[in-house]
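These are the residues of each chain, in order.
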Amino acid sequence: MKKFLTACLFLSMCLGCSATAFAAESQYPADEHSGEIFITVNSAEELAAFEAELKENNARAQKLWEQAVQESYLPENQMTDSTPIVPYAETVYENSVTRLKGNGSPYTITFKAFYTKSKNNYGVPIISSVKDITAHVPDKDHKLSVMSKDYKRIDSLRTLAAHYNCRISVYSQSDGAFFDFSGEYYVEFYVNGSAKIY
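Here is what the cut-offs are and how they apply
- Residues numbered from 1 in each chain as written.
- Predicted model: local features only at pLDDT ≥ 70, side-chain atom pairs only at ≥ 80, totals over all residues.
- Heavy atoms only, no water.
- Salt bridge = Lys/Arg side-chain N within 4 Å of Asp/Glu carboxyl O.
- Helix = DSSP H or I, 4+ residues; strand = E, 2+ residues; numbered from the N terminus.
- Buried < 20%, exposed > 50% of the residue type's maximum accessible area, 1.4 Å probe, protein only.
- Polar contact = N/O pair within 3.5 Å; in protein donor to acceptor, adjacent residues only side chain to side chain.
- Contact = heavy atoms within 4.5 Å.
- Core = buried A, V, L, I, M, F, W, Y, C linked by side-chain atoms within 4.5 Å.

S.K.: Help me understand the pattern of salt bridges in this model?
M.R.: Side chains carrying opposite charge are able to pair once their charged atoms draw close together. Summed over all chains, the structure comprises three salt bridges. For Lys149, the salt bridge is made with Asp132, and the minimal N-O distance between the two is 3.2 Å. Here Asp132 lies in strand β7 (residues 125-136) and Lys149 lies in strand β8 (residues 146-154), a separation of 17 residues in the sequence. Exposure remark for Lys149: the relative accessible area of 40% places this residue in the partly exposed category. The partly exposed category is assigned to Asp132, whose relative accessible area is 31%. The closest approach of N and O atoms between Arg158 and Asp155, which form a salt bridge, is 3.0 Å. Arg158 gets classed as partly exposed once you look at its relative accessible area, which sits at 34%. Judged by relative accessible area, which is 31%, Asp155 ranks as partly exposed.

S.K.: How do you make sense of the environment of Ser128 when you look at a structure like this?
M.R.: Residue position: Ser128 is located in strand β7. Reaching out from Ser128, the side chain makes a polar contact with the side chain of Ser118 at a distance of 2.9 Å.

S.K.: Sorry if this is basic, but what is going on with the environment of Ser129 here?
M.R.: Note on placement: Ser129 falls in strand β7. When the C-alpha atoms of Ser129 and Arg153 are compared, they prove to be 9.2 Å apart, with 24 residues separating the residues in sequence. Filtering out sequence-adjacent residues up to four positions away, Ser129 remains in contact with Tyr115, Thr116 and Arg153.

S.K.: Please clarify how the nonpolar core should be interpreted in this entry.
M.R.: For soluble globular proteins, the rule of thumb is that nonpolar side chains tend to be buried together. Among the nonpolar cores identified, the biggest contains 30 residues, and Phe111, Leu160, Tyr164 and Phe189 are the most heavily contacted of them. Secondary structure elements with two or more residues in this core: β3 (38-41), α1 (44-72), β6 (105-120), β7, β9 (159-172), β10 (177-190) and β11 (195-197). Ranked by size, the runner-up nonpolar core spans seven residues in total, among them Ala61, Val69, Ile154 and Ala161.

S.K.: Would you mind going over the side chain of Asn165 with me for this structure?
M.R.: Secondary-structure assignment places Asn165 in strand β9. A relative accessible area of 15% places Asn165 in the buried class.

S.K.: Please explain unusual backbone geometry as it appears in this structure.
M.R.: When glycine is set aside, most residues are seen to have a negative phi, and most peptide bonds are trans. Within the chain, Asp155 stands out as a residue other than glycine whose phi angle is a positive 55°. Mapped onto the elements of the fold, Asp155 is located in the loop between β8 and β9. Located in the positive-phi region is Ser156, a residue other than glycine, with phi close to 55°. Tracing the backbone through its elements, the reader meets Ser156 in the loop between β8 and β9.

Printed below as a string of structure tokens:
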């Protein structure tokens, strides 16, 4: 049985916040843009505010991912050949969505996990195997570059913790150029069919 869930969260661009910005990974002229999704800012101040917020979001995602990695090493999160399981479901399709405001309209990044479910010897549903995790933009005119991705099973095999590193392009109208940044996302997919982006 396939389950499908959509959870919508908004990555707000609080352009009035102040914090120390971090440098863009690259900068290039507008006519060299590759068609990836992008966010438009109107001034150097808005660009600096975006950088500061992205830095904060990345730090939060990285911290949660590091905690998940440590938790995945606990014995209750290990699947061994002797782990008794009762298969009862085919691949479950999970879908979680976050929106980025870009170029006057929102772009949607869709995070997905494909995995099989089973029951342990206590009859509790668990994530028994993971086939893949993906992230993409459901817009044929744009694309999303996923630089890296990884996952771990936690919460006694009932949660799939996923970490994505994606390239986010920002178009600065004041500079007439694009700036590329690394955007980190931490997503949890739960065995009950729900999901959450942190």
